[in-house]
Amino acid sequence: MHGLSQVLGFTPLVPVAAATLILLIYVLKLRDRTLYNLVLLVGSSLTAASTLVVLSETIYGGFAWYCFGGWGAPLGICYYADELSAYYAAVTSAVFTAVAVYAVWYSRHVKHTALLYVLLLLHLSGLLAVYYTVDLFNLFVSLELVGITGYSLVSFYHYRAKALVAAARYAVAGGLMTTFLLLGVLLIYTATGAVNIGVLGAKLSVAWSPPDQMGFFNKNLYADTSLVIIAIAMILWTALFISAIFPNHFWLPDAHSEAPVPVSAVLSGLTTAMGFYVLARIAYTVLAESVLAGFLSTLLPVIGFLGIVSVFYGAIMIGVEDDVKRILAYSTILNNGYILMGLSQGTALGIAASLYHILNHAVGKALAFLCIGYMVRRYRTRNIYALEGAGRAQPIVGSVLAFALLHLIGVPPTSGFFGKFYLFKAFIDADNLAYALVVIAGSVISAYGYIRVMEHTVYVSKPEIVGKEHLSIIVTITLTTLSTVILLLGIANQWVIDYLTYTASTLVLDSTVYIERIYGLCQSLLSTISYP
Amino acid sequence: MNTLIALNIIAVSMIVNIAIAVYGIVKKPSMVKKIISLGILSDTVCLLAVYMGFTATSPHPPLYASGYGAGRGVDPVVQAFVLTAIVIALAFTVFLATITLRMYEVANSTDLHELLKLEIASEEIEQLEE
Amino acid sequence: MRSRRRELGIALLIVAGITALSALLGLMGELAIPLTASKRLLKELVEELAYNPDNPYSAFAPAYVSAVVWDFRGLDTLYETIVFIAATIFALNLYHEYLGEAELSRHRLSVILQSTAKIQIVMATAVSASLVARGHITPGGGFQGGALLAAVVIAATTIYSLKSLVGRFIKHELILCLLGLATLLLLIASSKWAIVGFFTRAPGYILQNQAKPGSLHGFLFWDGEHWVSGSILVYDLIEYIVIACGLIVLLLVVIIGGYRERVI
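Computed from a prediction, not measured in an experiment: that's the story for all the values here. (Residues numbered from 1 in each chain as written. Chains lettered and ligands numbered in written order. Predicted model: local features only at pLDDT ≥ 70, side-chain atom pairs only at ≥ 80, totals over all residues.)

Section: the overall build of chain A
As a reminder, the rule being used: Strands are runs of DSSP state E lasting at least two residues, helices are runs of H or I lasting at least four, and both sets are numbered from the N terminus onward. Atoms counted for the radius of gyration: C-alpha only. Globule rule: 2.2 Å times the number of residues to the power 0.38.
Tallying secondary structure elements over chain A gives 21 helices and three strands in all. For chain A, the C-alpha radius of gyration of 23 Å lies close to 24 Å, the compact-globule estimate for 532 residues.

Some words on the overall build of chain C
What counts, and what does not: Counts of 20 or more other C-beta atoms within 10 Å of a residue's own C-beta define buried residues, counts of 12 or fewer define exposed ones, and intermediate counts define partly exposed ones; C-beta atoms are placed from the backbone. Here, residues touch in the contact sense if the C-beta positions derived from the backbone fall within 7 Å of one another.
Regarding its fold elements, chain C presents nine helices and two strands. Helices and strands appear in chain C in the N-to-C order α-α-α-α-α-α-α-α-β-β-α. Going through the 264 residues of chain C one by one, you find that 47% of them count as buried. Taking as baseline every contact in chain C between residues at least 6 positions apart, the subset at least 24 positions apart corresponds to 64%.

Structural notes on the interface of chain A and chain B
Here is the rule: Residues are grouped as follows: Ala, Val, Leu, Ile, Met, Phe, Trp, Tyr, Cys and Pro are nonpolar; Asp, Glu, Lys and Arg are charged; all remaining types, including Gly, are polar.
In this complex, chain A contributes 34 residues to the contact, which on the side of chain B involves 33 residues. Contributing elements (two or more residues each) for the side of chain A that touches chain B: helix H6 (136–154) and helix H7 (161–192) of chain A. Examining the composition of the side of chain A that touches chain B, we find that 16 residues originate from one element, H7(A), more than from any other. Looking at the side of chain A that touches chain B residue by residue, the classes come out as 18 nonpolar, nine polar and seven charged.

With respect to the pairing of strand S2 (residues 63–67) of chain A
For S2(A), the tally of buried residues reaches five of five residues, placing the bulk of the element in the interior. The side-chain alternation of S2(A) yields two buried faces, one formed by Phe63(A), Trp65(A) and Cys67(A) and the other by Ala64(A) and Tyr66(A).

A word on the packing of helix H5 (residues 113–132) of chain A against H6(A)
Two quantities define a packed helix pair, namely the angle between the axes and the distance from one axis to the other. Residues and elements named next belong to chain A. Stated formally: Note on definitions: angles span 0 to 180 degrees between N-to-C directions of axes, and those axes are lines fitted to C-alpha atoms, for helices only across the stretch in contact. An angle counts as roughly parallel when it lies under 35 degrees, as roughly antiparallel when it exceeds 145, as roughly perpendicular when it falls between 65 and 115, and as oblique in every other case. Note: crossing handedness is left-handed where the near helix turns anticlockwise from the far helix by less than a right angle, and right-handed where it turns clockwise.
For the pair H5 and H6, the least separation of the axes is 8 Å and the interaxial angle reads 155°. Judged on the interaxial angle alone, H6 and H5 are roughly antiparallel. H6 is crossed by H5, and the crossing has left-handed handedness. In contact with Leu119, Leu120, Leu122, His123, Gly126, Leu127, Ala129 and Val130 of H5, H6 contributes Leu139, Ser142, Leu143, Leu145, Val146, Thr149, Gly150, Ser152 and Leu153. Among the residues forming the contact of H5 with H6, the class breakdown is 11 nonpolar, six polar and no charged.

Describing helix H6 (residues 142–160) of chain C
Residues and elements named next belong to chain C. Stated formally: In a helix, the anticipated span is given by 1.5 Å times the number of residues less one.
Taking 1.5 Å per residue as the helical rise, H6 with its 19 residues ought to reach 27 Å, and the 27 Å between its terminal C-alpha atoms agrees with that figure. Within H6, the full set of buried residues consists of Gly142, Phe143, Gln144, Gly145, Gly146, Leu148, Leu149, Ala150, Val152, Val153, Ala156 and Thr157. Of the residues trailing H6, Ser161 is marked for its positive phi of about 75°.

Let's talk about the interface of chain A and chain C
Each partner contributes residues to the interface: chain A has 45 residues there, and chain C has 47 residues. For the side of chain A that touches chain C, the elements supplying multiple residues, two or more each, are helix H2 (13–27), H5, H6 and helix H21 (512–529) of chain A. Considering every element that reaches the side of chain A that touches chain C, the biggest residue donor is H6(A), with nine residues. Here the residues of the side of chain A that touches chain C sort into 28 nonpolar, 16 polar and one charged.

Quick notes on the environment of Ile18(B)
Residue and element names in this part refer to chain B. By secondary structure assignment, the location of Ile18 is in helix H1 (residues 2–27). Owing to 19 C-beta atoms within 10 Å, Ile18 belongs among the partly exposed residues under this scheme. Sequence spacing of Ile18 and Glu114 is 96 residues, and the spatial spacing of their C-alpha atoms is 25 Å. Those residues in contact with Ile18, other than ones at most four positions away along the chain, are Leu41, Thr44 and Val45.

Observations concerning unusual backbone geometry
For the bond from Phe246(A) to Pro247(A), the omega torsion is 0°, close enough to zero to count as cis. Note on placement: Pro247(A) falls in the loop between helix H9 (225–242) and helix H10 (252–258). Across the junction of Pro412(A) and Pro413(A), the peptide omega takes the value 0°, indicating a cis bond. Turning to its location among the elements, Pro413(A) is positioned in the loop between helix H16 (395–409) and helix H17 (415–429). Positive phi, close to 75°, is recorded for Ser161(C), a residue that is not glycine. By the element assignment, Ser161(C) lies in the loop between H6 and helix H7 (162–165).

Comments concerning the packing of helix H2 (residues 41–50) of chain C against helix H3 (residues 64–72) of chain C
Residue and element names in this part refer to chain C. At a minimum axis distance of 10 Å, the contact between H2 and H3 shows a crossing angle of 90°. Considering the angle they form, H2 stands roughly perpendicular to H3. Residues Val46, Glu47 and Ala50 of H2 touch H3, and the partners they reach there are Tyr64, Ala67, Val68 and Phe72.

Some remarks on helix H3 (residues 76–107) of chain B
Because the α-helix completes a turn every 3.6 residues, residues three or four places apart line up on one side. Residues and elements named next belong to chain B. Relative to the 46 Å expected for 32 residues at 1.5 Å per residue, H3 spans 46 Å between its end C-alpha atoms, a close match to the ideal helical length. Of all 32 residues that make up H3, 27 are buried, and the element is covered over most of its length. Two residues or fewer past H3, Asn108 is found with a positive phi of approximately 65°.

Comments concerning the confidence of the model for chain A
If pLDDT is low for a region, its predicted coordinates should not be looked at in detail. Rules: Confidence of the predictor at the level of single residues is given by pLDDT, which spans 0 to 100.
With 96% of its residues at a pLDDT of at least 70, chain A reaches an overall mean of 87. Mean pLDDT in chain A bottoms out at strand S1 (residues 2–4) of chain A, which sits at 68, and peaks at H6(A), which reaches 95.

Digging into the pairing of strand S3 (residues 78–81) of chain A
Residues and elements named next belong to chain A. The condition is simple: Between any two strands, pairing holds if DSSP finds at least two bridges.
Of the two faces of S3, the one carrying Cys78 and Tyr80 and the one carrying Tyr79 and Ala81 are both buried. As paired strands, S2 and S3 are joined by four bridges and run antiparallel to one another. Bridge pairing in S3 places Tyr66 opposite Tyr79.

Some remarks on the environment of Val496(A)
All names here are of chain A. Of note, Val496 is situated in helix H20 (residues 493–508). Its 22 C-beta neighbours within 10 Å are what place Val496 among the buried residues. Along the sequence, Val496 and Ala352 sit 144 residues apart, while their C-alpha atoms lie 9.3 Å from each other. Contacts of Val496, omitting those with residues within four sequence positions, involve Tyr356 and Leu489.

A few points about the environment of Asp75(B)
With respect to the helices and strands, the residue Asp75(B) is situated in the loop between helix H2 (31–52) and H3. With 29 C-beta atoms packed within 10 Å, Asp75(B) lands in the buried category. Spatially, the C-alpha atom of Asp75(B) lies 18 Å from that of Asp43(B), the residues being 32 residues apart in sequence. Sequence-distant contacts of Asp75(B), defined by excluding residues within four places in its chain, comprise Gly53(B), Ala37(C), Arg40(C) and Lys43(C).

As structure tokens, then:
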């Protein structure tokens with residue numbers, strides 16, 4: 001479909017409405033846990049449904065747009081969903097719904113459940129707003145929303161000093177980075193007069209010159225392109241911070257291990273993928289066929305190198321840590337390194353493989369965190385040696401955890417194997433043997449760490465840890481759903497990678513499509529100002 | 001030329017201010033000093049934004065009073081950016097202040113670098129009171 | 001003494017460096033950060049469309065900044081308010097119990113201050129109300145009025161002591177209820193035309209202010225001097241309540257929390 005989509009406009013506001021409802025129930029003192037659970041589940045499933053509707057509107061060449069206030073771009077803010085944005089948003093809200101079901105069970109003993117749900121829903125809303133927006137300043141505001149809710153969620157257990165310290169470090173560094181993002185957006189506005197990504201791309205583009213009735217899309221910049229380069233460098237640096245790429249990874253192990261388990265799953269799997277979206281949008285839509293293409297071609301190998309360093313750093317640290325949640329946090333750094341290597345390739349298959357890996361990582365990491373969370377909740381410890389025997393005492397959780405870890409290592413027939421295989425193939429196709437070898441080396445080194453976790457938590461049997469506790473039905477449903485998704489993705493991997501290759505090829509090989517469609521949105525602005 | 005030097009003094013001093021604020025955030029160990037430096041940073045960026053909206057030929061406020069019309073006044077879009085950025089910075093500062101207060105209550109110190117180096121409690125069996 | 005002199009030396013060095021650099025750039029005829037505002041098309045478009053009695057699609061707000069904040073880029077303001085509410089919720093998570101039960105300070109300031117404060121509090125409240133009510137015509141708006149009201153309340157607690165005000169005039173439950181209701185109102189107000197349009201089959205946009213081609217809902221009224229946009233006033237009032245309640249809760253949390261005995 002190619003049109004105005006009301007669903008797109010309401011999609012990021014549905015979680016906000018659910019959060020407001022929970023807040024009202026909390027302050028009006030009708031504090032009933034079932035009410036909170038109901039609103040959370042209804043809100044997140046409605047959001048997932050609407051992102052899937054938007055995805056269906058954009059499959060294979062469609063797009064959807066919604067201009068807030070009725071003002072077309074670039075005067076107003078528009079949401080625009082092409083295949084890439086719709087894919088990211090659908091993955092985010094689907095995984096979030098699964099984690100929300102788990103959170104209903106997990107928060108049975110949390111004191112301020114309502115506030116946890118409110119912050120989680122606002123976090124989801126911020127993520128969706130980042131993926132759909134066309135406006136750089138709206139991107140900044142949505143990133144700040146994700147940030148503030150993220151910092152608050154990390155320090156949710158506020159009686160633990162480590163959680164507070166982790167949240168404080170994350171917050172100070174994040175505040176610094178987002179202020180630099182703001183400075184970058186302002187410098188871009190000064191130099192080009194545009195905060196809209198489409199208008200910015202059109203101004204910088206060398207491949208497209210439209211008939212311009214309003215004067216926005218002309219090619220003259222008001223200042224030197226060096227100012228634009230500095231601004232874009234700041235924006236990309238912030239994106240790399242959000243994705244925890246070396247050397248901006250220092251906040252991640254503490255923050256993701258001290259957060260409550262559903263929060264860790266959301267932060268590790270979904271929030272770190274946001275940086276990759278910003279990177280892909282700026283690098284491939286704005287910079288690819290523009291006057292700054294030389295800057296891009298020197299930037300991508302540097303980014304790829306940072307990805308390689310993250311892979312090795314994450315893989316080595318998995319094997320030496322003793323805290324089971326920290327191990328999973330370092331595994332996030334490892335997988336983000338893989339994704340960045342794929343993104344920096346510049347070919348359609350490379351980007352498609354990294355998009356596939358984002359999906360694999362989100363589902364697998366969420367599953368691993370949920371299983372570990374069950375064990376941590378039951379045995380009240382995070383040490384890998386103290387959790388020995390936990391998998392045997394609760395076989396369902398143990399076997400699902402083993403399956404999730406195999407998926408993260410990349411063992412066939414799980415979907416993780418196919419993700420790494422396509423990454424490998426993309427590097428071989430681009431004659432980049434070094435990157436391909438790094439994929440294999442990273443998998444081998446990290447396999448040691450994952451197998452160590454499996455050995456201690458699942459395989460070892462300690463007779464004194466007895467008593468098979470009755471597993472809550474919610475946990476069973478969540479774990480089996482996510483495992484089934486992994487199996488289905490493994491079976492259907494060819495279709496998935498074909499669709500993602502199509503998505504990536506529109507992003508990489510035909511980047512002016514985005515800009516042309518934003519130009520089309522400006523026509524609706526013309527009809528409001530040309531009133532005689 | 002005098003106006004050029006004056007405008008340059010404003011712009012260069014704001015850039016130096018940003019550098020000093022970043023130094024303060026990274027190097028100073030106390031949380032309170034970090035909060036102050038972050039405040040300086042965000043306020044200076046907002047001020048730089050207002051500076052970037054300045055039109056030297058018609059420096060009037062962006063209002064519809066009689067006599068003003070299109071092209072007569074400073075840039076209102078940048079001022080809208082600044083309004084939003086200030087509210088967000090306010091929310092962030094309040095968040096950091098609350099977390100510093102709580103850190104002082106729980107860990108008896110507001111020194112972030114020292115707390116990061118401290119091995120707080122043993123990792124073996126952690127008490128998760130929930 | 002030595003560190004004082006060293007700091008003074010560094011400060012003088014920085015000032016000298018700035019002056020030298022800007023003089024150098026000025027003599028070369030360049031600006032450090034170029035001023036390009038007069039050439040920007042977006043600025044001209046805003047000025048043309050913010051208050052244009054000849055164009056019924058314009059925003060009808062004589063203060064262009066209010067038009068940009070609440071009409072053209074209303075989504076940014078909505079999200080910024082949500083960010084602020086998220087910070088309030090974080091503080092509630094930490095300190096909600098202490099708000100009701102804590103030991104409150106009885107320290108009050110001198111009689112002179114208490115008498116003059118009676119006049120000043122009334123005047124400041126009036127100023128904040130006028131900032132909000134004229135926010136669409138003059139610079140001002142919901143956020144500034146709300147911040148001023150919160151400052152007035154906190155100044156009153158400093159002058160008249162927390163113990164005499166909190167619990168009698170400042171009730172936490174009431175303020176939190178107002179916060180929740182105002183947030184709900186904000187969401188309803190911003191999407192009313194979209195929801196109404198959904199049911200009556202006439203399209204409406206979220207955060208729509210005046211009529212647009214294809215959607216003929218508008219919110220225009222005559223305030224005696226100009227045609228002004230009514231929905232910006234509504235948004236300003238709601239923002240006033242949200243910011244004032246949120247800031248009062250947050251600042252009370254910090255003040256009460258700071259007075260308590262340190263708990264380990």
